[in-house]
Amino acid sequence: MKDKKVKKVRSAVPIYIVAGFWLLYGLCFPLYTGKQILLAAILSAAVYCICLPFFPKKEVAAPVPKPRPEKPVSTGNPEVDEVIRRGREAIAKLQSLNDDIKDEYVSLEISRMEKACRTIFDTIAEKPDRADDIRKFLNYYLPTSIKLLESYRKLSMQEVVGENIRVTLDSIKNNMDMVANAFEKQADNLFADEALDITTDIDVLETMMRTEGLKKEDRTL
């Protein structure tokens, strides 16, 4: 089922039961007083919690939208074009891994990695001179992270999960936030010069406005 992703969806039946409870409660007791409304809310919450175990989440196969083919990028520098091509290839691998891995937390972290990668390689396409800034990320951090996720996918699909597999899966899962943070930090670093330029422009603008008497000075009592 490569074109579909299995997701766990909670049943809506407990919500319907709670709605029915409110209807019956309203017929039996006055719901126009604060005390009765509060009591009904507490009881309905209890009813909902009691119903949950009887209606567990069900696995539903949801179609996965096919990604649009991306146009080749030509920066005029073959080496930079190759960096972008490898980056897009890595993003496609992350998407494939995300489709196969069912753990919601790991899937969320992979989505963060995908988003950061898109920012990184889109930025390189716009600023080819920054390609050298991500060499280590491209040649080590990115492929190593993908290798870990490939191991996670393989181990999580085993029918028998022993102690070694469980410990390995937990180890990878527990470090996913660190990896996603590193990806986002790498993406943010590419905007350091731009942030500095903007700060400098603001400082110059503020100085000129103060000189021309156009900036209202802060007064302290």
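This text follows the structure it describes.
Worth saying up front: this structure is predicted, and the values here are computed from it rather than measured.

### Details of the packing of aromatic side chains
Okay, so step 1: Scanning all chains against the criterion turns up four aromatic pairs.
Okay, so step 2: Here tyrosine 25 and phenylalanine 29 contribute two aromatic rings whose centre-to-centre distance is 4.8 Å and whose plane-to-plane angle is 35°, an arrangement assigned as tilted.
Okay, so step 3: By relative accessible area, tyrosine 25 is classed as buried at 7%.
Okay, so step 4: Residue classification places phenylalanine 29 among the partly exposed residues on the basis of a relative accessible area of 41%.
Okay, so step 5: Connected via pairs of aromatic rings, a cluster forms that spans Phe21, Tyr25 and Phe29.

### Observations concerning helix H2 (residues 34-51)
Okay, so step 1: For H2, built from 18 residues, the straight-helix expectation of 26 Å at 1.5 Å per residue is met to within 8% by its first-to-last C-alpha distance of 26 Å.
Okay, so step 2: If you check which residues of H2 are buried, you get Gln36, Ala40, Ser44 and Cys51. Seen end-on, H2 carries its buried residues on one side only, within an arc spanning 65°. Within H2, the exposed residues directed more than 90 degrees away from the buried face are Gly34, Lys35, Leu38 and Ile42.
Okay, so step 3: The inward-facing, buried residues of H2 abut helix H1 (13-28).

### Description of the pattern of salt bridges
Okay, so step 1: Considering all chains together, one arrives at 11 salt bridges under this definition.
Okay, so step 2: Two residues, arginine 130 and aspartate 133, come together in a salt bridge whose shortest N-O distance is 2.4 Å.
Okay, so step 3: For arginine 130, a relative accessible area of 12% corresponds to the buried category.
Okay, so step 4: Overall, the relative accessible area of 41% leaves aspartate 133 in the partly exposed class.
Okay, so step 5: With its nearest N and O atoms 2.5 Å apart, the salt bridge here joins glutamate 163 to arginine 166. In this pair, glutamate 163 and arginine 166 both sit in helix H6 (residues 163-174), three residues apart, roughly one turn of the helix.

### Some details on the packing of H1 against H2
Okay, so step 1: H2 packs onto H1 with a crossing angle of 150° between their chain directions and a minimal axis gap of 9 Å. Here H1 lies roughly antiparallel to H2, going by the angle between them. Crossing handedness for the pair H1 and H2: right-handed. Facing H1, whose interface residues are Pro14, Ile15, Ile17, Val18, Phe21, Trp22 and Tyr25, H2 presents Gln36, Ile37, Leu39, Ala40, Ala41, Leu43, Ser44, Val47, Tyr48 and Cys51.
Okay, so step 2: Class assignment for the residues of the contact of H1 with H2 results in 15 nonpolar, two polar and no charged.

### Concerning the side chain of serine 44
Okay, so step 1: Note on placement: serine 44 falls in helix H2.
Okay, so step 2: Separated by 3.3 Å, the side chains of serine 44 and tryptophan 22 make a polar contact.
Okay, so step 3: Among the polar contacts listed, one links the side chain of serine 44 to the backbone oxygen of alanine 41, at a separation of 2.8 Å.
Okay, so step 4: Ignoring any residue separated from it by four or fewer positions in sequence, one finds serine 44 in contact with Val18, Phe21 and Trp22.

Cut-offs used in this document
- Residues numbered from 1 in each chain as written.
- Predicted model: local features only at pLDDT ≥ 70, side-chain atom pairs only at ≥ 80, totals over all residues.
- Heavy atoms only, no water.
- Phe/Tyr/Trp six-rings, centres within 6.5 Å; stacked < 30°, edge-to-face > 60°.
- Buried < 20%, exposed > 50% of the residue type's maximum accessible area, 1.4 Å probe, protein only.
- Helix = DSSP H or I, 4+ residues; strand = E, 2+ residues; numbered from the N terminus.
- Expected span 1.5 Å × (residues − 1).
- Arc of directions from axis to C-beta.
- Contact = heavy atoms within 4.5 Å.
- Salt bridge = Lys/Arg side-chain N within 4 Å of Asp/Glu carboxyl O.
- Axes fitted to C-alpha atoms, helices over the stretch in contact; angles between N-to-C directions.
- Parallel < 35°, antiparallel > 145°, perpendicular 65-115°, else oblique.
- Left-handed = near helix turned anticlockwise from the far one by under 90°.
- Nonpolar A, V, L, I, M, F, W, Y, C, P; charged D, E, K, R; others polar.
- Polar contact = N/O pair within 3.5 Å; in protein donor to acceptor, adjacent residues only side chain to side chain.

On their own, these measurements won't tell you what the molecule is for.
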